[in-house]
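Chain by chain, the residues:
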Amino acid sequence: MTRKTVIVAGCAAALAARLACAQAPVPTSYSGPWQGADPPEGWTFSGLGVDPDPGYDGTNTAAKLDDADDFISIHYAAPAGAVSYWVKGLTFISGGVFRVEQSSDGADWTALAIHTNLPAAAVYLTHFPAPAARYLRFLYAERVTGNVGLDGISIAAYIQPEIGSMGMAGHVATLVVPESVPGRTYWLEHAETLTNQPVIWTPAYAATGSAAPLVFTNAAPTNAPKRYYRVRDVAP
């Protein structure tokens, strides 16, 4: 049986070796070194092989997941806007499974991405965790042959969408959201009243987050009553 080495930031007790006892601030990032290194607060390294050198993001070395159930996990303290990383297959054969997962409690996990055919050249990928998630895990779930190379993991801060300004031209409303997370999906929704419970919100317009302000428009019928608006994050 393969012996695993689990390194958890800030935890000395054996029981704590399976649970992160500290939380990473958001944003957080790490680019190595990996095997045998002390991880940042809230990060856990389990079963990592000898670091591929050079790494994939231009700094230090990369992490190597070389056995089933090897993982890197992060327990973070606030909502995450996006998680990005470099990944490549190291003679990775189709049939293996590498998963990127999220969890709100560290026990029940759902997939952000499932890779079964990793590229031979490193690629940079981004996913969008749910605002309620507080854990991320990069897991070599099933190994056939070959390994997984991973590097440059970063978690960006979540930005709560807020309507910064609103203007009316006739019956057309224009609403501006000054800040958003690039790549996340946002919906403009409207309701005719806020007194009925539950409030019925109707989707009107979708936009993808970017570095520039988001601009939403909605043309209400000319005889429509007053409308209420909100912008909601619906991460893909």
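In what follows, the accompanying structure is described. (Residues numbered from 1 in each chain as written. Predicted model: local features only at pLDDT ≥ 70, side-chain atom pairs only at ≥ 80, totals over all residues. Heavy atoms only, no water.)

## Side note on the side chain of E101
Okay, so step 1: Within the secondary structure, E101 is located in strand β7 (residues 97-103).
Okay, so step 2: Using a relative accessible area of 4% as the deciding quantity, one classes E101 as buried.
Okay, so step 3: Polar side-chain contacts of E101 include one of 2.6 Å to the side chain of R137.
Okay, so step 4: Leave out the neighbours within four places in its chain, and E101 touches W109, T110, A111, L112, Y135, L136, R137 and L139. (Helix = DSSP H or I, 4+ residues; strand = E, 2+ residues; numbered from the N terminus. Buried < 20%, exposed > 50% of the residue type's maximum accessible area, 1.4 Å probe, protein only. Polar contact = N/O pair within 3.5 Å; in protein donor to acceptor, adjacent residues only side chain to side chain. Contact = heavy atoms within 4.5 Å.)

## So, the side chain of H127
Okay, so step 1: For H127, the location among the structural elements is in strand β9 (residues 123-127).
Okay, so step 2: Of note is the side chain of H127, whose polar atom sits 2.7 Å from the side chain of Y85.
Okay, so step 3: Those residues in contact with H127, other than ones at most four positions away along the chain, are A82, V83, Y85, V100, L112 and A113.

## Overview of the sheet that holds strand β15 (residues 202-208)
Okay, so step 1: Pairing is antiparallel across the open sheet formed by three strands, whose spatial order is β15-β14-β17. Pairing within the sheet leaves two strands with one partner each, and these edge strands are β15 and β17 (228-233). On average, each strand axis in the sheet is inclined to that of its neighbour by 25°, with strand direction left out of account.
Okay, so step 2: Relative to β17, strand β14 (residues 185-191) runs antiparallel, the two being bridged by six bridges. The residue bridging H190 from the neighbouring strand is Y229, located in β17. (Pairing = 2+ DSSP bridges. Axes fitted to C-alpha atoms, helices over the stretch in contact; angles between N-to-C directions.)

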